[in-house]
Amino acid sequence: MYKNKKAGKLGIIITIIVLIALVILTNTDNSNLSYIENITSKLVMPIQNGLTYLKNKIGKNNTFFTDINRLKEENEKLKEENSQLEQSLRELENTKTENETLKEYLGLTEKYEEYQTIPGYVINKDISNYSKTIIINIGSKDGVEENMTVISDEGLVGHITSVEKETSKVQTVVDSASSTSSLMSTTKDSIVCKGTLEGDTILKAMYIPTDATIIQGDSVETSGIGGIFPKGIHIGTVKKIVNTNNIVDRYALVETAVNFNKLQTVLVIKNK
């Protein structure tokens, strides 16, 4: 607006100058008229061209700034819409995760319907070489007690070692301090599965009877001896048999059914 007023004032001044020049020309001898017209034309034309250029420039600038403001408004609107879409997507993902967790709980409850269980999920893990424990989101307020068995859809996870009001610590079967009384599913021979330092899914089956026949690929389950784990819970599968010079010292490597790196949902079996 300021630039338009300034251009208008300049135009008025130029017009006055031109009128004065015309008055002078009309009172000037015709012989000198052509010469004066040439001079006037040379003076006035650049000014007229400059005013025309200035007018066009100002008009274009006004359009440019208008377009910039409109683009800014549109950009802010798009940002707001994008933020709303991202929020909706997060809510949808959370709902999907909750639904999947509920389905897992339902499946677990149906699979282990002979037990009274408390559902929970893993909130922290310490799966290192020397300690393989997990923290779950249920505790004493939910009825969890020490030495309760923890299972998943795949099989045995471990047992509760300490309980807080809202959380509990679980020693997994792959922890190096863990020992589980077990049975070979086919032969029903008793063995003991111990945690090792050889990986996150490997157990060492020891104290194998000298007359026992170990079958690679055979399933291993809890024996119910020892007072912690109920009988018949799947532990894993025999992957390798290691014979030694003394048959008493032979052992087998058992791969756990549970993948502890991906474990999320668990059930705690209540003590009867």
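(A) Focus on the overall build of the protein chain. Scanning the protein chain from N- to C-terminus turns up two helices and twelve strands. Across the protein chain, every contact between residues at least 6 apart in sequence was considered, and the portion connecting residues at least 24 apart equals 57%. With an accessible surface of roughly 17500 Å², the protein chain has 53% of that area assigned to carbon and sulfur atoms.

(B) Expanded view of unusual backbone geometry. Notably, Lys188 is not glycine yet its phi reads approximately 65°, a positive angle. Mapping Lys188 onto the fold places it in the loop between strand S6 (179-184) and strand S7 (190-195). Judged by its relative accessible area of 48%, Lys188 is partly exposed. At Tyr207, a residue that is not glycine, the phi angle is positive and equals roughly 55°. Its place among the elements puts Tyr207 in the loop between strand S8 (202-206) and strand S9 (219-222). You can call Tyr207 exposed: its relative accessible area is 58%.

(C) Structural context of the pattern of salt bridges. For the coordinates displayed, the defined rule picks out three salt bridges. Notably, a salt bridge pairs Lys188 with Glu221, separated by 3.7 Å at the nearest N-O pair. Of the two residues, Lys188 is situated in the loop between S6 and S7 and Glu221 in strand S9; the sequence distance between them amounts to 33 residues. Judged by its relative accessible area of 16%, Glu221 is buried. Linking Glu255 and Lys239 is a salt bridge whose minimum nitrogen-to-oxygen distance equals 3.6 Å. Here the residue Glu255 occupies a position in strand S11 (residues 251-256), and Lys239 occupies one in strand S10 (residues 234-242), the gap between them amounting to 16 residues. In this structure Lys239 comes out as partly exposed when scored by relative accessible area, which is 44%.

(D) Here's a closer look at the sheet that holds strand S4 (residues 156-163). Taken together, the six strands give a closed barrel; going around it, the order is S1-S2-S5-S4-S3-S12, and neighbouring strands pair in antiparallel fashion. With direction set aside, neighbouring strand axes in the sheet form an average angle of 40°. As judged from the three bridges shared by strand S3 (residues 149-151) and S4, these two strands associate in the antiparallel manner. Opposite Val150, over in S4, you have Gly158 as the bridge partner.

(E) Representation of the sheet that holds S10. In space, the six strands of this closed barrel follow the order S6-S7-S8-S11-S10-S9, with antiparallel pairing throughout. Looking at each pair of strands side by side, their axes are set apart by 40° on average, direction ignored. Across three bridges, the pairing between S9 and S10 is antiparallel. Note that in S10 the partner of Glu221 across the bridge is His234.

(F) Expanded view of the packing of aromatic side chains. This structure, assessed with the given rule, holds zero aromatic pairs. Over the ring of Tyr251 we find Lys204; its NZ or CZ atom is 4.4 Å from the centre of that ring.

(G) The arrangement of the environment of Leu267 in detail. Inspection of the secondary structure puts Leu267 in strand S12 (residues 265-269). Note on Leu267: relative accessible area 0%, which makes it buried.

(H) Local environment of the side chain of Ser152. Here Ser152 lies in the loop between S3 and S4. For Ser152, the side chain forms a polar contact with the side chain of Glu154, separated by 3.0 Å.

(I) Layout of the side chain of Gln171. As for its position among the elements, Gln171 is in strand S5 (residues 168-172). In contact with Gln171, not counting residues within four places along its chain, are Lys132, Thr133, Val157, Gly158, His159, Thr161, Ala177 and Ser178.

(J) Structural context of the nonpolar core. One finds Ile136, Val157, Ile160, Val220, Leu263 and Val268 to be the most contacted residues of the largest nonpolar core, which totals 38 residues. Aside from chain neighbours lying at most four places away, what touches Ile136 is Tyr121, Val122, Ile123, Ile160, Glu166, Thr167, Ser168, Val170, Val266 and Val268.

(K) Examining the confidence of the model for the protein chain more closely. In the predicted model, the protein chain carries a mean pLDDT of 78, and 67% of its residues have values of at least 70. The element-level mean pLDDT for the protein chain is lowest in helix H1 (residues 2-26), coming to 60, with S5 highest at 96.

(L) Geometry of the pairing of strand S2 (residues 132-136). A large share of S2 lies buried, amounting to four of its five residues. Bridge count between strand S1 (residues 117-127) and S2: five bridges; the pairing is antiparallel. Counted as the bridge partner of Val122 is Ile136 from S2.

Procedures and definitions
Residues numbered from 1 in each chain as written. Predicted model: local features only at pLDDT ≥ 70, side-chain atom pairs only at ≥ 80, totals over all residues. Heavy atoms only, no water. Helix = DSSP H or I, 4+ residues; strand = E, 2+ residues; numbered from the N terminus. Contact = heavy atoms within 4.5 Å. Areas by Shrake-Rupley, 256 points an atom, 1.4 Å probe, with all protein chains shown as cover. Buried < 20%, exposed > 50% of the residue type's maximum accessible area, 1.4 Å probe, protein only. Salt bridge = Lys/Arg side-chain N within 4 Å of Asp/Glu carboxyl O. Pairing = 2+ DSSP bridges. Axes fitted to C-alpha atoms, helices over the stretch in contact; angles between N-to-C directions. Phe/Tyr/Trp six-rings, centres within 6.5 Å; stacked < 30°, edge-to-face > 60°. Lys NZ or Arg CZ within 6 Å of the ring centre and 35° of its normal. Polar contact = N/O pair within 3.5 Å; in protein donor to acceptor, adjacent residues only side chain to side chain. Core = buried A, V, L, I, M, F, W, Y, C linked by side-chain atoms within 4.5 Å. pLDDT = per-residue confidence, 0-100.

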